[in-house]
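Coordinate inspection notes
The chain contents come next:
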Amino acid sequence: PGQAIARLKTAIELQPQSPEIAFNLGLAHHNGGKPGQAVVLYRRTLEIKPEWVAAWNNLGAALASMGNPSEALDCYAQARRIAPLDPQAYFNGGVVHQNQQCYTDAIDAYRHCLRLDPNFASAHHNLAQCYIETGAMALAQEHYTKAAKLRPDNADTWFNLDGMYLAQNCLDSALDCYRKV
């Protein structure tokens, strides 16, 4: 990542009005554990290209990782205004609400995401977690099952589904899940 950041810094000096370079440098900083620097660069990106949905989503993610959930939700709302049929901003908002233990809001966001993209495996997984928190175990199992079918390589989903089957004393089904972890 260090070489990529150095190259992007050089590139942005040569082309300071390039939203793509600012975005990619922001992404490199965010992935490198420097969300504060990423925020500055995503904002710079959006000053140049305010309709860039991915930049709004990434700015929201960086702000959320810095402990600014309200600002993150504002970014996701802006992304939804620009691209109301893009499920990512709904998913991201769900994550923020879930992390704040606002499960009803998280469920609403994940359900909206899934109306737009029924095959969004991570939304099914996170929705299942929220349903567990609210005591809706049958719905949780339904969404873990969908997530497992969509992403059979996700060990967390199989592990959680395994636990649900064990709690119901469905040992064969639990063992099936355990074998897939």
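Our subject in this report is the structure included herewith. Quick caveat, the model's predicted, so the values are computed rather than measured. (Residues numbered from 1 in each chain as written. Predicted model: local features only at pLDDT ≥ 70, side-chain atom pairs only at ≥ 80, totals over all residues. Heavy atoms only, no water.)

**Description of the overall build of the protein**
A tally of regular secondary structure across the protein gives eleven helices and zero strands. Helices (α) and strands (β) of the protein occur, in sequence order from the N terminus, as α-α-α-α-α-α-α-α-α-α-α. Once the C-alpha set of the protein is aligned to its principal axes, its extents read approximately 65 × 35 × 25 Å. Evaluated residue by residue, the protein yields a buried proportion of 43% over its 181 residues. Residue pairs in contact within the protein that sit at least 24 positions apart in sequence constitute 39% of those at least 6 positions apart. Across the protein, 15 positive and 17 negative side-chain charges occur, with their mean positions spaced 4 Å apart. (Helix = DSSP H or I, 4+ residues; strand = E, 2+ residues; numbered from the N terminus. Buried < 20%, exposed > 50% of the residue type's maximum accessible area, 1.4 Å probe, protein only. Contact = heavy atoms within 4.5 Å. Lys, Arg positive; Asp, Glu negative; His and termini not counted. Charge placed at Lys NZ, Arg CZ, Asp CG, Glu CD.)

**Observations concerning the nonpolar core**
Judged by nonpolar contacts, the single largest core of 23 residues is most densely connected at Tyr 110, Ala 123 and Leu 161. Every element with two or more residues in this core is listed here: helix 6 (87-99), helix 7 (103-116), helix 8 (121-133), helix 9 (137-150), helix 10 (155-167) and helix 11 (171-180). Leaving out residues up to four positions away in the same chain, Tyr 110 has contacts with Phe 91, Gly 94, Val 95, Gln 98, Ala 123, Asn 126, Leu 127 and Cys 130. Residues Ala 55, Leu 59, Cys 75 and Tyr 76 belong to the second largest nonpolar core, which totals 19 residues. (Core = buried A, V, L, I, M, F, W, Y, C linked by side-chain atoms within 4.5 Å.)

**Observations regarding the packing of helix 1 (residues 2-14) against helix 2 (residues 19-31)**
For the pair helix 1 and helix 2, interaxial distance at closest approach is 9 Å and the crossing angle is 155°. Comparing the axis directions of helix 1 and helix 2 gives the class roughly antiparallel. Crossing geometry of helix 1 relative to helix 2 is assigned as left-handed. Residue-level contacts link Ile 5, Leu 8, Lys 9, Ala 11 and Ile 12 of helix 1 to Ile 21, Ala 22, Asn 24, Leu 25, Ala 28 and His 29 of helix 2. Across the contact of helix 1 with helix 2, the residue classes tally to eight nonpolar, two polar and one charged. (Axes fitted to C-alpha atoms, helices over the stretch in contact; angles between N-to-C directions. Parallel < 35°, antiparallel > 145°, perpendicular 65-115°, else oblique. Left-handed = near helix turned anticlockwise from the far one by under 90°. Nonpolar A, V, L, I, M, F, W, Y, C, P; charged D, E, K, R; others polar.)

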